[in-house]
Amino acid sequence: QVQLVESGGGLVQAGSSLRLSCTASGRTFSRDAMGWFRQAPGKEREFVAGIGPIGGNTQYTESVKGRFTISRDNAKNTVYLQMNSLKPEDTAVYYCAKRYGQSIRIRPQEYDYWGQGTQVTVSS
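Cut-off values and rules
Numbers given to residues run from 1 along each chain, matching the order in which its sequence is written. Reporting in this predicted model follows two pLDDT cut-offs: at least 70 for local features of residues, and 80 or more for side-chain atom pairs to be given and counted; totals over whole chains, interfaces and linings ignore these cut-offs and use all residues. Hydrogen atoms and water are omitted, and side-chain values are computed over all heavy atoms in the structure. Only runs of H or I of at least four residues qualify as helices and only runs of E of at least two qualify as strands under DSSP, and these elements are numbered from the N terminus. Only protein chains enter the accessibility calculation, which uses a 1.4 Å probe; a residue is then buried when its area is under 20% of its type maximum, exposed when over 50%, and partly exposed in between. Contacts between residues were defined by any pair of non-hydrogen atoms, one from each residue, lying within 4.5 Å. Strand pairing requires that DSSP identify at least two bridges connecting the strands. Here the axes come from fitting lines to C-alpha atoms, over the contacting stretch only for helices, and the angles between their N-to-C directions go from 0 to 180 degrees. For this analysis, a nonpolar core means a set of buried residues of the types Ala, Val, Leu, Ile, Met, Phe, Trp, Tyr and Cys, connected via side-chain atoms within 4.5 Å.

Draft legend 1. Quick peek at the environment of proline 108. Relative to the elements of secondary structure, proline 108 occurs in the loop between β9 (92–98) and β10 (113–114). With relative accessibility at 24%, the residue proline 108 sits in the partly exposed group. Sequence-wise, proline 108 and serine 123 are 15 residues apart; in three dimensions their C-alpha atoms are separated by 27 Å. Ignoring anything within four residues of it in the chain, the contact list for proline 108 reads Phe37, Arg45 and Trp114.

In structure tokens:
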């Protein structure tokens, strides 16, 4: 059974930075793509960023390009989301997700395991 544990959320002012971390249990971490999603109140869960197994392949939703960076450390079974220049519209619960497979996917249904989520609140 795979478990994902996120950390690093919080309340910050617009323009600030946060780094989210997600540590996974299990022995297949280095073979699989990982993703970060977010869900704001009353909205559907949306793809934020994804990363391939060895980190060379990344993908971002348009609204975070140039501000967020996804990375991973396979030796630590951990994926990160560095968030810079945060905006109030980035406020959401952020989830990391793992899927079996090397390709990045943007639909939540294509991920097999989810963390519990970490709240990010950006004040104006």
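Further notes follow.
Draft legend 2. Structural context of the pairing of strand β3 (residues 18–24). Of all seven residues making up β3, five are buried, and the element is well covered by its neighbours. Taken together, the four bridges between strand β1 (residues 4–7) and β3 define a ladder with antiparallel strand orientation. Within β3, the residue paired with valine 5 across the bridge is threonine 23. By the bridge criterion, six bridges tie β3 to strand β8 (residues 78–83) in an arrangement that is antiparallel. Residue pairing in the sheet places leucine 18 in a bridge with methionine 83 of β8.

Draft legend 3. Region of the structure containing the sheet that holds β1. Spatially, four strands are ordered β1-β3-β8-β7 in an open sheet, and the strand pairing comes out antiparallel. Looking at strand neighbours, the two that pair on one side only are β1 and β7 (68–73), the edges of this open sheet. If you compare each strand with its neighbour and ignore which way they point, the axes differ by 15° on average.

Draft legend 4. Looking closely at the pairing of strand β11 (residues 118–123). The alternating pattern of β11 places Thr118, Val120 and Val122 on a buried face and Gln119, Thr121 and Ser123 on a face that is not buried. Across four bridges, the pairing between strand β2 (residues 10–13) and β11 is parallel. Residue glycine 10 lies in a different strand from β11, and its bridge partner there is valine 120. Inspection of the sheet shows β9 paired to β11 by three bridges, in the antiparallel sense.

Draft legend 5. Spatial organisation of the nonpolar core. Residues Leu4, Trp36, Val48, Phe68, Leu81, Met83 and Tyr94 are the most contacted members of the largest nonpolar core, which totals 26 residues. Residue assignment for this core shows that the elements contributing at least two residues are β3, β4 (34–39), β5 (46–51), β7, β8, β9 and β11. Sort the elements by how many residues they give to this core and β3 lands first, with four residues. If we ignore the near neighbours within four places in the chain, the residues touching leucine 4 are Cys22, Thr23, Ala24, Met34, Cys96, Ala97, Lys98, Tyr113, Trp114, Gly115 and Gln116. The next biggest cluster of nonpolar side chains, apart from the first, holds five residues, and it includes Phe37, Phe47, Ile104 and Tyr111.

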